[in-house]
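# Structure at a glance
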Amino acid sequence: MKDIYSYQSDWMIYAMSWSVRKDQPFRLGIGSFIEEYCNKIEIIQLNENKDQLEKVASFEHPYPPTKIQFHPSASTNNPDLIATSGDYLRLWQINNQQGNNNQQVSKRFTFNIDNNNSEYCAPLTSFDWCEMDPNIIGTCSIDTTCTIWDIPTGKAKTQLIAHDKEVYDIAFANKLSIGNNIFCTVGADGSLRMFDLRSLEHSTILYETNDLSPLLRLNWNKQDPNLLATIAMDNSKIIILDIRVPSLPLLELSSHHLPVNGVCWAPHSSCHLCSVSDDCQALIWDISNKRTTNTSNAGNNNNNATAVGTTIDPILEYHAGYEINQVSWSNLQVDWVAIGFHHTLQVLKV
């Protein structure tokens, strides 16, 4: 195998996700960013005989998809599904064709809380398919709400006003030690909030930006459920938080020179994460040396809040030819990270 695989699309790539299904290794979904109604999603897979990435399916999508996510279970007993967000949350069925590499995709369901078929819908900024309970998906919207959907019934389990302004991202906790009822959100009001599905009247503000600048993305550590990573709008830092110590960043990683666009934790390590930025760099970080020290000091010295993390350098750097919009670390092939920039999907061995 090569160390780098590249795939060229006909359009700007924005949304991107790895498949986690065991019988479909080295498969990704990518979505277009075209400023018109008709957009595209392509499913890309490694052809091991030709040793190259190839398109195995393509289908149209209304408006640019803001996120793509395959069914979160690796089991082959589940239907082969992919979810997308845009104007609505949609679920698609992937059908493998016997005897060839092509896959057919058909729309399975559109989730709509408004049964009156109103012409207006509040666009969805993101969603998360709960790994601990694959029967639920949480979406977030520019109308300040989050909605938890029950997939078997296609109905909303609950909808709540999560922030004072637009909600930009949502993520469920993915460890049983915390449970499948806990999720976090970030939004334009500059806060990161934690919710419990069993008690939605209250939320815990885990972090707020000093100037209340919007928080765009968050990513939950896949091995240590106490750790979260988040990024702010037009900011070159990655903020690492420990949910046991609200308000005070555990670390701030600051080697990017331009705004960070995406961050994801390694699926197999609690200490490694990858970030991508407008500076055309993908950086991999190891926080193991700083994590213990800062956790013990966090409650003792609030004056260190703005200084943490400034001494950490990334352990790996990769330079792409364009601003990198998206990053995703494979759960199945843990040595591989995918990045999306301009018209290019690139898969890097780390």
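These lines cover the structure that appears in this document, whether it is placed above or below. Owing to the predicted nature of the structure, the values given are computational and were not obtained by experimental measurement. (Residues numbered from 1 in each chain as written. Predicted model: local features only at pLDDT ≥ 70, side-chain atom pairs only at ≥ 80, totals over all residues. Heavy atoms only, no water.)

Let us now look at the sheet that holds strand β8 (residues 89–96). Hydrogen bonds between backbone groups are what pair the strands of a sheet, and the pairing can be parallel or antiparallel. One open sheet holds the 4 strands; their spatial order is β6-β7-β8-β9, and the pairing between them is antiparallel. Each edge of the open sheet is held by one strand with a lone partner, namely β6 (67–70) and β9 (103–111). Taking the axes of each pair of neighbouring strands and ignoring which way they run, one obtains an average angle of 25° across the sheet. Bridge count for β6 against strand β7 (residues 81–85) is 4 bridges, and the pairing is antiparallel. Bridge pairing in β7 links Phe70 to Ile82. (Pairing = 2+ DSSP bridges. Helix = DSSP H or I, 4+ residues; strand = E, 2+ residues; numbered from the N terminus. Axes fitted to C-alpha atoms, helices over the stretch in contact; angles between N-to-C directions.)

Turning to the packing of aromatic side chains, a few remarks are in order. Under the definition given, this model contains 11 aromatic pairs. Between Tyr5 and Trp336, the aromatic rings sit 5.6 Å apart at their centres with planes inclined by 45°, giving tilted as the arrangement. Residue Tyr5 is found in strand β1 (residues 4–8), and its partner Trp336 is found in strand β27 (residues 336–341); the two are separated by 331 residues along the sequence. Residues Tyr5 and Trp336 agree in their burial class; the two are buried. The cationic tip of Lys67 hangs over the ring face of Phe127; the distance from NZ or CZ to the ring centre is 5.5 Å. (Phe/Tyr/Trp six-rings, centres within 6.5 Å; stacked < 30°, edge-to-face > 60°. Buried < 20%, exposed > 50% of the residue type's maximum accessible area, 1.4 Å probe, protein only. Lys NZ or Arg CZ within 6 Å of the ring centre and 35° of its normal.)

A word on unusual backbone geometry. Residue Thr144 is not a glycine yet carries a positive backbone phi of 75°. Examined against the element boundaries, Thr144 turns out to sit in the loop between β11 (136–141) and β12 (145–150). With a relative accessible area of 17%, Thr144 lands in the buried category. Of note in this structure, Leu212 is not a glycine but carries a positive phi near 60°. With respect to the element layout, Leu212 can be found in the loop between β17 (204–208) and β18 (215–220). Here Leu212 falls in the partly exposed class, since its relative accessible area comes to 48%.

None of the figures reported here should be taken as evidence of function without further support.
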